[in-house]
Amino acid sequence: MVTDIREAVHSVDAAAVMGLLPARPRVLALGEPAHREDALLEVRNELFRQLVEEEGYRTIAIESDCLAGLVVDDHVTSGRGALDEVVERGISHGWGASAANRALVRWMRAHNEGRPASEQVRFAGFDGPLEITHAASPRQALTALHGFLAAHVDADLLPCTAETLDRLTGPDDRWTDPAAMTDPSRSVGRTPEAGELRLLADDLVTLLDTQAPHLASAAPRDDLDRARLYGRTATGLLRYHFWMADASPKRMTRLCALRDSMMAGNLLALAERGPVLVHAQNAHLQRHRSTMRMWQGPVEWWGAGAIAEARLGEGYAFLATALGTIRHQGVDAPPPDTVEGLLYALPEDHCLVDARRLAAVLGDARPAPRVSPWFGYAPLDPAHLADCDGIVFVRDVPHSG
C-alpha cells in the first residue's frame, strides 16, 4: 500500500501543484485543519512566494477581517505604517502575533519595494468583520461607501446624508454585544433603525452600480474596488444581524451560510483582478458541505469554496492540508488505518499528494475517519478524498512558541 501511495506523492511546490490541475485556477484554495500553527503558515508562505515568482499570482487572501486587511494592503503596496502596528490592526482574531503572518507581510513589502503597481503583490482578508462571538457594527462600511459616493456623484442622487446613517446606526456596542450570539432577543438586527439601514445600504449599493460607467473613469480602480467591498460588507453585515435576531431552529445554519456567502463574494471580486491564493480552514474551502456541532445542535451549510466553484468551475482548485501530530495540543501519531496514518508512514516532513490518485489506490475500502482529541483540529474526511485536487501533508507540527 505504501509503495502505491508513493506514486501519488510530490514535493510541495508551485510546479507540482499546477501539475495536478487542468489549468491555472483563478482561485487556488489551500485549506488548513487547525488555526494558530505557524508550521502550516510557513508552508503557505513558501507556496505563495513560488506562485508569485513562477506562476504570476499577485494576491493572497487569508481568513481575516476584509476591512482590517486594507491596512495590511496599504502597507505592502506603499509602506504605510510600521509592521507591528499594521499586523495588529490589519489581521484579525489575534493572528497578527503569528511569526509566520508577520514574515508574510514583511516579504510582501520587500517584494513590492521599487516595483510598479502592476507587478506588486496584494494582501486581502476575505472574511467578514465577524467573530464566533459577535459581528461588527455596519458603521465603518456604510460610512466609507457613503463617503466615496458623496465625493463622486451628484449629491441629489444620494438616498440619505452621512448624519442619517450615523443616527440610525447609534452606539456601536449595541451591534457587537456578545450576548446576542446566543440570545436572539439581544440582537438589534430587526429594530426599525436596522431595517431602515438595510434599505439605505441597498440604495447606496444600487447607486454604486448604476453610476459604474462614470465611476470607472472618475475614480482610481483601487478606490472603486474598495467601495464595492464596503457595499458587500455593509449589506452582508446588516443581513447577518437580521438573522442574529432570529429565534428559529435554523438560526445558526443561516448565520454560518451567510458568513461563507460573504467570503465567497470577496473571493470572486478578488479573482476578477487576477489569480488568488486563498488560505483558510478546510471547512470554508472544501467542495462538499461543511458541518459543525454548535450549542443549537449540528449545522450544515455550503462553504465559500463550494459557492465560488459553482461560479468558476475549473477556475477553482482546492488543496486540503492534513497533518500527523500536534503534540502540544495532545494530537499524537495518527492510527495507521486512517488516511493521516498512511501518509505518516511516508518519510517526508511535508509533501503534496494527488488526492484523486490516492482515492483510486484506496478504492472502495476507505480508511476509517481519524478522531481528534482536540476540538481545534479537524481531520480529513476519507469519504471526500476525491473532492480535493491535492492534499498537503505536514508530518509534525511543532509548538510555535
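Before any of the text, the structure's been laid out above.
Anyway, here's the lowdown on the structure attached to this text. Bear in mind the structure is a predicted one, so any value in this text is a computation, not a measurement. (Residues numbered from 1 in each chain as written. Predicted model: local features only at pLDDT ≥ 70, side-chain atom pairs only at ≥ 80, totals over all residues. Heavy atoms only, no water.)

1. Overview of the pairing of strand β3 (residues 59–65)
Across the seven residues of β3, seven count as buried, placing the element largely inside the fold. Sheet topology places β3 next to strand β5 (residues 276–281); four bridges connect them, and they run parallel. The partner of Ile62 across the bridge, within β5, is His279. (Buried < 20%, exposed > 50% of the residue type's maximum accessible area, 1.4 Å probe, protein only. Helix = DSSP H or I, 4+ residues; strand = E, 2+ residues; numbered from the N terminus. Pairing = 2+ DSSP bridges.)

2. Points about helix α7 (residues 139–152)
Taking 1.5 Å of rise per residue, 14 residues should cover 20 Å, and α7 covers 20 Å from first to last C-alpha, within 8% of that figure. Three or more residues of α7 are buried, namely Arg139, Ala141, Leu142, Leu145, His146, Phe148 and Leu149. Residues of α7 that are buried make contact with α8 (162–169), α9 (192–210), α10 (212–218) and α11 (221–244). (Expected span 1.5 Å × (residues − 1). Contact = heavy atoms within 4.5 Å.)

3. A look at the pattern of salt bridges
The tally for this structure, following the rule as stated, stands at 29 salt bridges. Its salt-bridge partner being Arg6, residue Glu348 comes within 2.7 Å of it at the nearest N-O pair. Note that Glu348 is positioned in the loop between α15 (339–344) and β9 (350–353) and Arg6 in helix α1 (residues 2–6), a separation of 342 residues in sequence. The partner of Asp84 in a salt bridge is Arg102, with the nearest N and O atoms 2.6 Å apart. Taken together, the residues Asp84 in helix α5 (residues 83–90) and Arg102 in helix α6 (residues 99–112) connect sequence positions 18 residues apart. On the basis of relative accessibility, which here comes to 22%, the residue Arg102 falls in the partly exposed class. Among the charged side chains, a network of salt bridges with common partners joins Asp73, Asp74, Arg80, Arg122, Arg221, Asp222, Asp225, Arg226, Arg228 and Arg273. (Salt bridge = Lys/Arg side-chain N within 4 Å of Asp/Glu carboxyl O.)

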